[in-house]
Amino acid sequence: DYSNLQEVNLPNVKTLATSSFNNCGALTTVNLPKCEYVGNQSFYECRSLTTVTLPKCTFVGCDAFCNCDALTTINLLCCERLEARAFQYCDALTKVGLPNCSYIGEYALNTVYSDVGDRSIYIGTSLSTVCELSYGNESFLSNARIYVPAALVDEYKQAPNWSNYADHIFGE
């Protein structure tokens with residue numbers, strides 16, 4: 001029973017299996033410095049989660065952080081793929097850093113409330129190609145400042161699904 005677990009600190013774990021810590025209502029802090037893969041629903045409905053440290057993570061699975069209501073910032077420096085609903089219903093989320101992300105899945109950043117203060121996302125700022133964006137991310141992106149590589153601003157503004165947010169896209 002992990003219902004009272006408040007912190008996860010696993011310095012040597014490289015892969016987090018599906019549903020590893022889902023529904024840990026008291027969990028506030030996750031530190032996985034060597035983790036490269038976060039499986040589906042790993043932190044699903046960890047509603048008190050505020051701090052996530054995953055500096056080496058390249059893959060975030062479906063529903064991995066879905067319904068993590070208290071999470072305000074996520075910075076995944078190495079993440080290449082954000083799968084469907086990865087951060088869905090993380091309604092407090094205001095800052096997202098995905099400098100190496102080349103794919104954002106369906107509803108990965110979908111929120112219930114679209115008018116939650118200032119939001120910003122830094123996407124693909126370390127890449128030379130446009131990040132593929134799937135449908136269903138409107139509620140977050142429609143009120144966010146979207147930062148992309150300066151050389152790719154025009155490409156993003158014309159790219160499928162990104163073009164809907166052309167007025168929100170800025171060079172980094």
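Everything discussed here concerns the structure shown above.
All of these numbers come straight from a predicted model, not from anything done at the bench.

Conventions and cut-offs
Sequence order sets the numbering: in each chain, residues are counted from 1 along the sequence as written. Where local features are concerned, this predicted model is filtered to residues with pLDDT of at least 70; where side-chain atom pairs are given and counted, the filter is 80 or more; whole-chain, interface and lining totals use all residues. Note that water and hydrogens are dropped before the side-chain values are worked out from all heavy atoms of the structure. Secondary structure elements are taken from DSSP: a helix is a run of H or I of four residues or more, a strand is a run of E of two residues or more, and numbering for both begins at the N terminus. Throughout, radius of gyration means the C-alpha value; the globule benchmark is 2.2 Å times the number of residues raised to the power 0.38. Think of it in three bands: residues with accessible area under 20% of the maximum for their type are buried, residues over 50% are exposed, and the middle band is partly exposed, with areas taken using a 1.4 Å probe on protein chains only. Contacts are assigned to residue pairs with any non-hydrogen atoms lying within 4.5 Å of each other. With residues, only the protein chains shown are counted as cover, and all accessible areas are computed by Shrake-Rupley using a 1.4 Å probe. Neither His nor the chain ends contribute to the count of charged residues, in which Lys and Arg are positive and Asp and Glu negative. Taken as the charge location is NZ of Lys, CZ of Arg, CG of Asp or CD of Glu. Criterion used throughout: strands pair if DSSP finds at least two bridges between them. Between rings of Phe, Tyr and Trp, where Trp is taken as its six-membered ring, a pair exists when centres lie within 6.5 Å; planes separated by under 30 degrees are stacked, by over 60 edge-to-face, and by other angles tilted. Two conditions define a charge located above a ring, namely a distance within 6 Å from the ring centre to NZ of Lys or CZ of Arg, and an angle within 35 degrees of the ring normal.

### What about the overall build of the protein?
- Looking only at helices and strands, the protein has two helices and 14 strands in total.
- Over its C-alpha trace the protein gives a radius of gyration of 15 Å, about what one expects of a compact globule, namely 16 Å for 172 residues.
- Each principal axis of the C-alpha distribution contributes one length, and for the protein these read about 50 × 30 × 20 Å.
- Among the 172 residues that make up the protein, the fraction classed as buried is 44%.
- Look at the contacts in the protein between residues 6 or more apart in sequence, and 31% of them connect residues 24 or more apart.
- When the accessible surface of the protein is totalled, it reaches about 7,700 Å², and 45% of it is carbon and sulfur.
- Charged side chains in the protein number 10 positive and 18 negative. The centres of these two groups are separated by 6 Å.

### Quick look at the sheet that holds strand 2 (residues 15-16)
- Read from one edge to the other, the open sheet built from six strands follows the order 2-4-6-8-10-12, with strand pairing classed as parallel. Two strands close off the open sheet at either side, each with one partner strand: strand 2 and strand 12 (132-133).

### Quick word on the packing of aromatic side chains
- Evaluation of the coordinates by the stated rule reveals nine aromatic pairs.
- Geometrically, the ring pair formed by Tyr2 and Phe21 is tilted, given 6.0 Å between the ring centres and 55° between the ring planes. Taken together, the residues span a long stretch of sequence, with Tyr2 in the segment before strand 1 (7-9) and Phe21 in the loop between strand 2 and strand 3 (29-31) at a distance of 19 residues.
- Centroid distance Phe21 to Phe43: 5.7 Å. Interplanar angle 10°. Geometry classified as stacked. Here the residue Phe21 occupies a position in the loop between strand 2 and strand 3, and Phe43 occupies one in the loop between strand 4 (37-38) and strand 5 (51-53), the gap between them amounting to 22 residues.
- Here Phe21 falls in the buried class, since its relative accessible area comes to 11%.
- The class of Phe43 is buried, set by a relative accessible area of 0%.
- Ring-pair connections join several aromatic residues into one group, and the members of that group are Tyr2, Phe21, Phe43, Phe65 and Phe87.
- Lying across the ring of Tyr103, Arg81 places its NZ or CZ 4.0 Å from the centre.
- Between the NZ or CZ atom of Arg145 and the centre of the ring of Phe170, over which it lies, the distance is 4.0 Å.

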